[in-house]
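Coordinate inspection notes
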Amino acid sequence: MSFAGKNLKYLRKLRGWTQEDFAARIKIKRSLLGAYEEERAEPRLEVLELVSEIFKVSLDELFLKDLGETKGSYIAKRRAQKLAAEPMVIQFVPVKAAAGYLAGYADPEFIDELNTFTLPMLAPGQYRAFEIIGDSMLPTPSGSVIVGEKVEDLEGLKNSNTYILVSRQEGIVYKRVMKSPKTKQKLTLVSDNPVYQPYQVDANDIVEVWQAQMVITRANQQQRWDVNQLASIVTNLQEQVSTLKKKMN
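**Some words on the packing of aromatic side chains**
On inspection of all chains with the given rule, the structure shows 7 aromatic pairs. With 5.5 Å between their ring centres and 90° between their planes, Tyr-101 and Phe-130 make a pair best called edge-to-face. Here the residue Tyr-101 occupies a position in helix α7 (residues 98–104), and Phe-130 occupies one in strand β3 (residues 127–131), the gap between them amounting to 29 residues. Here the two residues Tyr-101 and Phe-130 agree in accessibility, since each one is buried. Here Phe-130 and Trp-210 contribute two aromatic rings whose centre-to-centre distance is 6.1 Å and whose plane-to-plane angle is 55°, an arrangement assigned as tilted. Note that Phe-130 is positioned in strand β3 and Trp-210 in strand β9 (residues 206–216), a separation of 80 residues in sequence. Judged by relative accessible area, Phe-130 falls into the buried class, the value being 0%. Taken together, the ring pairs connect Tyr-101, Tyr-105, Phe-110, Phe-130 and Trp-210 into an aromatic cluster. A cation over an aromatic ring shows up here: Lys-175 above the ring of Tyr-196, its NZ or CZ 5.9 Å from the ring centre.

Pasting the structure below:
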């Protein structure tokens, strides 16, 4: 008898994640996660491998042990692992270091000189934080810090998600990404502030991509819109969406 589906539900609730949250982390649809948790389908091996990495539990334990029944030993084990593990360090790239980062992003010595911090709520992975300046991504205010997880392959980029992109021509930018099957060598970058027009970059020009996971802003700094601004933004955004659809089709 496999306890895999039951354990997925237990581990998800242990972290306080919704099915939507957990499904996104293990790269499956929410409906499929629901089928696993209700034991209407058996989780695939690649899914369980991701779960094993996130929760630091073996595949044998996921398959053969009811972690909910042995939660005392499981939680004690995880607590011991956390105490023994080194904290996950996030390097911070402020605006003043952006130019140097373009030259030194692949230089371990340069990266080691960056200031660092930790965030306990992030799943295991490789993260970096970038300060953004300007109003192109309002309502995310200028001066915000975007914490991104490393994306190894551009094929994994998802339309409309936000990313930090490091490119030779554009430098470091924070944008939403749109892909088109007709122009695989181009990415369209879209600002949240519709005053700024979308533009394209060459995929070959991009040297690093970090998917935004968290936005850190100063208290009471969040941008506020008035009704007239919102109406103008909606109209402008509708026009841009129509233009993008025509280009992508």
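**Section: a negative patch on the surface**
Taken together, Asp-107, Glu-109, Asp-112 and Glu-113 make up a surface patch of like negative charges. Positionally, Asp-107 belongs in the loop between α7 and α8 (108–113). Of the residues examined, Asp-107 reaches a relative accessible area of 34% and is grouped as partly exposed.

**Looking at the sheet that holds strand β7 (residues 186–190)**
Hydrogen bonding along the main chain pairs the strands of a sheet, whether they run parallel or antiparallel. Spatial strand order, β2-β1-β3-β4-β9-β5-β6-β7-β8: 9 strands in an open sheet with mixed pairing. Whereas interior strands pair on both sides, the edge strands pair on one side only; in this sheet they are β2 (116–117) and β8 (199–202). As paired elements, β3 and strand β4 (residues 145–150) share 5 bridges and run antiparallel to each other. When the sheet's bridge partners are listed, Phe-130 is paired in β4 with Ile-146.

**Digging into the pairing of strand β6 (residues 171–178)**
Burial of β6 is extensive: 6 of the 8 residues sit out of reach of the surface. In this structure, β6 lies alongside β7, joined through 3 bridges in antiparallel fashion. Directly across from Val-177, in β7, lies its bridge partner Leu-189.

**Looking at the packing of helix α1 (residues 4–15) against helix α3 (residues 30–37)**
The interhelical angle for the contact between α1 and α3, taken along N-to-C directions, is 115°, at an axis separation of 7 Å. Contacts between α1 and α3 involve Gly-5, Leu-8, Lys-9 and Arg-12 on the former and, on the latter, Leu-33, Tyr-36 and Glu-37. Tallied by class, the residues present in the contact of α1 with α3 amount to 3 nonpolar, 1 polar and 3 charged.

**Quick look at the packing of α1 against helix α4 (residues 45–55)**
Interaxial distance between α1 and α4 falls to 12 Å at its minimum, and their mutual angle equals 35°. Classified by chirality, the crossing of α4 by α1 is left-handed. Listed contacts from α4 to Ala-4, Leu-8, Leu-11, Arg-12 and Arg-15 of α1 are Leu-48, Val-51, Ile-54 and Phe-55. Its residues placed into classes, the contact of α1 with α4 shows 7 nonpolar, no polar and 2 charged.

**Focus: the nonpolar core**
In terms of nonpolar packing, the biggest core is built from 20 residues, with Leu-11, Phe-22, Ile-26, Val-51 and Phe-55 touching the most fellow members. Elements represented by at least two residues in this core include exactly α1, α2 (19–25), α3 and α4. It is α4 that provides the largest number of residues to this core, a total of 5 residues. The contact partners of Phe-22, leaving out residues within four places of it in the chain, are Leu-8, Arg-12, Trp-17, Leu-33, Val-51 and Phe-55. Of all hydrophobic cores here, the second largest spans 14 residues; its members include Ile-111, Leu-114, Phe-130 and Trp-210.

Thresholds, definitions, all that
- Within each chain, residue numbers correspond to sequence positions counted from 1 in written order.
- The predicted nature of this model means local features are confined to residues of pLDDT at least 70 and side-chain atom pairs, given and counted, to a pLDDT of 80 or more, with totals for whole chains, interfaces and linings taken over all residues.
- Only hydrogens and water are removed before side-chain values are computed, so all heavy atoms of the structure are retained for them.
- Planes of paired rings set the category: under 30 degrees apart is stacked, over 60 is edge-to-face and the rest tilted, where pairs are Phe, Tyr or Trp rings (Trp by its six-membered ring) whose centres lie within 6.5 Å.
- Runs of H or I in DSSP of at least four residues are treated as helices and runs of E of at least two as strands, each being numbered from the N terminus.
- Buried means the residue's accessible area, taken with a 1.4 Å probe over protein chains only, is under 20% of the maximum for its type, while exposed means over 50%, and partly exposed covers the values in between.
- Sitting over a ring, as applied to charges here, requires NZ of Lys or CZ of Arg to be within 6 Å of the ring centre and within 35 degrees of the ring normal.
- Patches draw on residues past 30% relative accessible area with no salt bridge. Two like charges within 9 Å are joined, as are two nonpolar side chains (Val, Leu, Ile, Met, Phe, Trp, Tyr) within 5 Å.
- Here the open area of atoms and residues is found with the Shrake-Rupley method and a 1.4 Å probe, where only the protein chains shown may cover a residue.
- Salt bridge, as used here: a side-chain nitrogen of Lys or Arg that lies within 4 Å of a carboxyl oxygen of Asp or Glu.
- Think of it this way: Lys and Arg go in the positive column, Asp and Glu in the negative one, and His and the chain ends go nowhere.
- Lys charges are placed at NZ, Arg charges at CZ, Asp charges at CG and Glu charges at CD.
- The rule for pairing is simple: two strands pair if DSSP sees at least two bridges between them.
- The angle between two axes is taken between their N-to-C directions and runs from 0 to 180 degrees, where each axis is a line fitted to C-alpha atoms and a helix contributes only its stretch in contact.
- Should any heavy atoms of two residues lie within 4.5 Å, those residues are considered in contact.
- Put simply, Ala, Val, Leu, Ile, Met, Phe, Trp, Tyr, Cys and Pro go in the nonpolar bin, Asp, Glu, Lys and Arg in the charged bin, and everything else, Gly too, in the polar bin.
- Left-handed describes a crossing whose near helix is turned anticlockwise from the far helix by less than a right angle; the clockwise case is right-handed.
- We define a nonpolar core as any set of buried Ala, Val, Leu, Ile, Met, Phe, Trp, Tyr and Cys residues linked to one another through side-chain atoms lying within 4.5 Å.

Read these as geometric descriptors, not functional statements.
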